[in-house]
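If you want the building blocks of each chain, they are given just below.
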Amino acid sequence: MIDLDDLLAPLADADLGDPLPVDQIRSRAESRAAGGRRRRLAIVGATAAFALVIGAALVVAERGRPTGVDAVDSATTLATEPEPAPVDDLVADLPVGRFPYDMLVEGGDLWVLNNTSRDVTRISIAEHRVVSTIAVQGGAPGGNANRLVATAGAVWVAGVSTPDGPGIARIDTATDVVTVVPTAFEPIAISARGGELWVGGQRTVGSGGDERLDATVQRIDVGNLEADEPIGLAVGRVPVDVALTDDGLWVLVQATGPSPLLRVDPATGEVTDRIDVDAAAVRLVATDDEVVVGADTSQLGGRTGAVTLVDPATRTVVATAPLDARPEAIVLVDDLIVTSGLRALDRRTLAERPLPARYSGLGFAMTGDGTSLWASVPGSPDGSAAVRRLSIDDVRAAVAEEAELGVPAGWQLIDYGELRFAVPATWEVPVTESCASGAPGVVLLPTRSTSTCSAVNPIPLPESVVWIVESDPQPGGVPAELGTLDATTFGSLACTTCRPTYHLPSGLQISVTGPEADAVLASFTRSGVDQALADGPLADRSGWRTVAFGGVSVEVPPGWPVVDLPGSDTITTTPDGTVTGMSGRTDPGGCGGDRFGETGYAYVGSSQVVSSCPATFVLPVHPGVGLWIRSFPDVGHAMVEARPYDGPSEVDLEVVSGPLNRSVREPVLDVAVDGPDGPVLVTIGARSDPATIRAILASIRVPG
Amino acid sequence: VEDRSGFEAWYRANHRRVLVALVAVAGGVELGREATDEAFTRAFERWDRVQVMGAPTGWVYTVGLNLLRRGHERRALERRCLQRLGTRDDAPPATLAVEVWDAVCSLPRREREATALRYLGGLTDQQVADAMGVAPGTVARLLHDARTRLADLLDPAPLDATHELEADR
C-alpha cells in the first residue's frame, strides 16, 4: 500500500507563499465589523477628507490609468453619471440586533426593534449607517419588545418591564432619550394616530373565584403621557395587534383556532363588530380603506400562512389567500401586499404575485418608505442580523417579470445555455456537475441534499434531480415533447417506474426525477439567449443611450444605468505610494457572485477592485438582465467555440461560448467584435428580453 | 475588533499546516489560500470564543472545509470545462510533481479532505472526523479508499485493474 506521508511530503514542503499579514486579517475583520461594503466606502471617504484637511498621512487619488469609457453620443455624459442607487443592498449589520422583530421609518431614519437584545437600532437612511443603538429595557427582567410605532418626535416600543410593572418605552427622536410610561398590563400591541396612542394586552379581571383573563386596550395621551382607564374586551385571549384608523380601533386577538378581529369605538370603548378569521392571527395592518390580517395556518394543515382582507365599510371578509410563509410582517406597497418571506399578493384580489426565489426568507420584520422596502435578513448562528434595502420599483419589476415569464408561484426560473426551465424555489441551484462516466453535464439537486452522484459515491442520488448532460447528437429515437421543445427518447415513455431521457438536436440529454418531475419537464423551453439568436423582432431603440469601449460603441435601453467600472476605482495610498486600500465597483460576477441583477445595468470596462468575498461563495440564481462591454483579454475564462452571428448587424460579430455562459449561475450571451484597439467582448444577460438583445446586437458599431 | 492577544502567535504556529491542507483540498493554491485567509479572518473576528475552544485549529479547518465545499460547487463546472480545453485554472505548487498533484486532486472530495487533514494538516483521525463532521470509522474508510485510489494511479502495477478512478469534482 502506498505511503501517504512520503507521497505528500513534497506538498507539505511546497512554497505556497507567505501568510497573510495579521494586519491585513485585522483590516478585513474591522471592515466587516464596520458594516459591509458601503460602510467601508464611507470610511475611506472619511479618511480622505481627513487627509485633505491636515495635508498629511494619507493621499487619496483617482486611479492613474485613463477611463475606458467614451461617450460617443452627446446625450451620454458618463463623467457626471451618478453611481446607481443601491439595489438589494445590505445597508447595515446590527451587531446586537438579535431577532429583529419590527421596524419603521421615521424622520429619515430606519428604526429596528431587536426583540432578543431588547434594543432599537437607529439607521440613517441617507448615510446607510447605524447611528445609535438604544436600550429599551425598563430596568427589570422581562418585557416583550415586539412592536414599534411612531408619533411626532417619538418612537414607541411595546413593551418593557420596570421594577414597578409593565410599560411602554418612548424614544425621543431628537435625543434618543428613553422614557418609560407605565401601563395597566403587559402591552403586546401598539398603534398610534394623531395624538393618540393605544396599547393592547391581557390582564386579570374579577376576584375571588371569578378571576379570568381578559383582552384589554388602553389609550395614552402622547402629549402628557397620561393613560386612560383600561378597557376590557371580554375576550379571554391576547390582542396580538391593534390598529387605529378613522373608522375605529381594530383589535386582533390571538387564538389557536379562529381568531376574533374586533372593531372598537375609541370614544366609548364599546366593541361594535366582531369578525372571525379562520386561523391563528399573527399580524394586523389597517388603513381607512382596508384591514389586512395575517394568520398562521400551520395547525390546519396545508400551507403555512394566510392573509385575509376585510372591508372596513361593510366589516366583512373580502378574500383570503394561502401563503407558504407565516406573515409575521405585512407591508402595503402600492397595489401589492408584501408579507414575510417575501410573498406578494394583489392588494385588491389577494391573487399571488410570484417573486424571484432570491427574495425568499427575507422580511420577518419589514417596513416601507415609499421608495424602498426594508426587510430583515435571517440571523446567522453567531447571532448577527441585518436589514436589507430593496427598491420597491425593482420588486414591482420583478413581480411583472415573473408574471410575464409565467413562473408558477413558489418556483424559480433557470437559464442554462439554450434551455430555460423551472424548478421549485426551495431547490438549491445549481449544485454540482455530473460525475458519471466522464460526460460533462449539470445535475441540479434539491436543498439539503448531501449527495453528488452515483458511480463512486455510496450515497444514493436524492429523490428529485434535474440532470443535463452534453453529448453528441444521437440520431433516431422516438419523437417526444419536452415542454415546448422537440426531442427524442430511446426508452419507453410508458415506463412507470423510470424516467425517460430526452435527447435534443444539439446533443443535450435531459432527465428529471422526483415528484415534481412532470411539472419540471413541462416547463422546458428555449432560453432567452437561444430566442435572441433566432429570427424575431427588434426592440425600438428610441431614446437608447450610446456607450463605447475600445473603439466599439453599443446602445443600451434608457432605463439601464451605465456603470464606468474603471472610473469608479479609488486607491488610497500613504505618502510614499504604498497602497493601503482600494474601493469602487467590482466587476459583475466577481467573487463567485452573479453577473447581472434583476434590472438592467450597462457595465463598461473592467475594474481593478478585488472584492472581499462574502461569507458564503454561493449566491442565488438571478434573472440576469444587463450588458457588459470590455476588452477581450480581460475576459477571465477561455472560450470553447465561436461562430458567426447571422442576425441583423452592421459589423461582423461572433457568438462565443465559454464555460461561464453555460453555467446556470451566469447565463449570458457573449459576442465578440473586432475593434480598432483589439477584440471587444459584449456580454448580455440571458434574461434580457430577446428583442432587446437583438436590438443591442444590431446597434453595435465600430466608428471610423 | 478589540483585544486579540494571543491570536498572532497561534496564527503563525498553525497557518502553514492549515494552508497546505486546504490547498490540497481545494485542488489549487489560490483557492486554498483564499479559504485559509477567510477561515483565519473569521477566527480573528471570534477570537474571544475560538481561543477557549478545545481545538481552535480544528475549528479553522471546519470553516475552511465549509468554504471550499460551497465554492466547489460553483467552480466545478468551470474547472471541468477548462480541463476539456487543456488548460488549468490553478497550477499545482511548483515543487510538487504534476502527477502526484493530479492524483490527489482527482480523489473524491471526502477522500481528499480526509487525506489532506490527516497527512498534511497533522490531525488525528478523531480530529479529522470532528472537522469533517463524520464518524472516526468513516475517516478510516475514506483514508483506506484514498490510499487504494492513489496506488491505482501512481503505482506501476495497479492493485486492482478493474477499479476505475472517477472523481466527484
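Residues numbered from 1 in each chain as written. Chains lettered and ligands numbered in written order. Predicted model: local features only at pLDDT ≥ 70, side-chain atom pairs only at ≥ 80, totals over all residues. Heavy atoms only, no water.

Turning our eyes to something else, we now look at the sheet that holds strand S13 (residues 196-205) of chain A. Two strands in a sheet stick together by hydrogen bonds in their backbones, pointing the same way (parallel) or opposite ways (antiparallel). Within the open sheet, the 4 strands sit side by side as S12-S13-S14-S15 (chain A). Their pairing is antiparallel. What marks the edges here is a single partner per strand, and that holds for strand S12 (186-193) and strand S15 (231-232) of chain A. (Pairing = 2+ DSSP bridges. Helix = DSSP H or I, 4+ residues; strand = E, 2+ residues; numbered from the N terminus.)

What follows covers the pattern of salt bridges. Counting across every chain of the model gives 25 salt bridges over all chains. Where B:Arg12 meets B:Glu8, a salt bridge forms, and the shortest distance between an N and an O atom there is 3.1 Å. Placement of the pair is B:Arg12 and B:Glu8 together in helix H1 (residues 7-26), with a separation of 4 residues, close to one helical turn. Its relative accessible area of 38% is what places B:Glu8 among the partly exposed residues. Note that B:Glu38 is salt-bridged to B:Arg42, the shortest N-O span being 2.7 Å. Linking B:Glu38 with B:Arg42, this pair stays in helix H2 (residues 29-45), spanning 4 residues, or about one helical turn. Look at B:Glu38 and you get buried, because its relative accessible area is 3%. Here the residues in one salt-bridge network are A:Asp102, A:Arg147, A:Asp241 and A:Arg283, joined through shared partners. (Salt bridge = Lys/Arg side-chain N within 4 Å of Asp/Glu carboxyl O. Buried < 20%, exposed > 50% of the residue type's maximum accessible area, 1.4 Å probe, protein only.)

Moving on, we get to the packing of aromatic side chains. Inspection of every chain in the model, using the stated rule, returns 10 aromatic pairs over all chains. When the centroid spacing of 4.6 Å and the interplanar angle of 10° are considered together, the rings of A:Phe421 and A:Phe524 count as stacked. In this pair, A:Phe421 sits in strand S31 (residues 419-424) while A:Phe524 sits in the loop between helix H5 (517-522) and strand S39 (525-526), placing the two residues 103 residues apart along the sequence. A:Phe524 shares its class with A:Phe421; the two are buried. With a centroid separation of 4.9 Å and an interplanar angle of 80°, the aromatic rings of B:Phe7 and B:Phe44 are classed as edge-to-face. Taken together, the residues B:Phe7 in helix H1 and B:Phe44 in helix H2 connect sequence positions 37 residues apart. (Phe/Tyr/Trp six-rings, centres within 6.5 Å; stacked < 30°, edge-to-face > 60°.)

Fine structural detail should not be taken from predicted coordinates in areas where pLDDT scores are low. All names here are of chain B. The pLDDT averaged across chain B works out to 71; a share of 70% of its residues lies at or above 70. Confidence, read as mean pLDDT per element, is least for helix H4 (residues 56-84) in chain B (60) and greatest for H1 (89). Contacts from residues 156-169, a stretch scored under 50 in pLDDT, to residues over four places away or in other chains number 35 contacts. Interface predicted TM-score (ipTM) for the complex: 0.77; the corresponding pTM is 0.50. (pLDDT = per-residue confidence, 0-100. Contact = heavy atoms within 4.5 Å.)

Another point: the nonpolar core. Membership of the largest hydrophobic core comes to 58 residues, with the highest contact counts inside it found for B:Phe7, B:Trp10, B:Tyr11, B:Leu117 and B:Leu120. Counting residues per element, this core draws most heavily on H1(B), which supplies 12 residues. What B:Leu120 contacts, discounting residues up to four positions off in sequence, is A:Leu8, A:Leu11, A:Ala12, B:Arg17, B:Val20, B:Ala21, B:Ala24 and B:Thr115. The next biggest cluster of nonpolar side chains, apart from the first, holds 32 residues, and it includes A:Ile629, A:Ala686, A:Ala695 and A:Ile696. (Core = buried A, V, L, I, M, F, W, Y, C linked by side-chain atoms within 4.5 Å.)

To continue, consider helix H7 (residues 125-132) of chain B. An α-helix turns once every 3.6 residues. As a result, residues three or four positions apart point the same way. Of all the residues in H7(B), the buried ones are B:Val128, B:Ala129, B:Ala131 and B:Met132. All buried residues of H7(B) fall inside an arc of 165° around its axis, so they share one side. (Arc of directions from axis to C-beta.)

A few words now on the packing of helix H6 (residues 109-120) of chain B against H7(B). Between two packed helices, what matters for the description is the angle formed by their axes and the separation of those axes. Residues and elements named next belong to chain B. One can describe the packing of H6 onto H7 by two numbers: an axis separation of 9 Å at closest approach and a directional angle of 135°. One finds that H6 runs oblique with respect to H7. At the point where H6 passes H7, the crossing takes the right-handed sense. Each of Arg110, Glu113, Ala114, Leu117 and Arg118 in H6 lies in contact with H7, whose residues at this interface are Asp125, Val128, Ala131 and Met132. (Axes fitted to C-alpha atoms, helices over the stretch in contact; angles between N-to-C directions. Parallel < 35°, antiparallel > 145°, perpendicular 65-115°, else oblique. Left-handed = near helix turned anticlockwise from the far one by under 90°.)

Looking now at the pairing of S13(A). Residue and element names in this part refer to chain A. Relative to S13, S12 runs antiparallel, the two being bridged by 7 bridges. The residue bridging proline 187 from the neighbouring strand is glycine 201, located in S13. Once S12 ends, the chain turns through 2 residues before running back antiparallel as S13, passing glycine 194 with a positive phi of about 60°. In terms of strand pairing, S13 meets strand S14 (residues 212-221) through 10 bridges, oriented antiparallel. The residue of S14 that forms the bridge with tryptophan 198 is arginine 219. Hairpin connection of S13 to S14: 6 residues between the antiparallel strands, including glycine 206 at a positive phi of 85°.

A few words now on the sheet that holds strand S21 (residues 291-296) of chain A. Residues and elements named next belong to chain A. Strand order in the open sheet made by the 4 strands is S20-S21-S22-S23, with antiparallel pairing throughout. The sheet is open, and its two borders are formed by strand S20 (280-286) and strand S23 (316-323), each paired with just one other strand. Ignoring strand direction, the axes of neighbouring strands in this sheet form an average angle of 20°. Bridge count between S20 and S21: 6 bridges; the pairing is antiparallel. Counted as the bridge partner of alanine 280 is aspartate 296 from S21.

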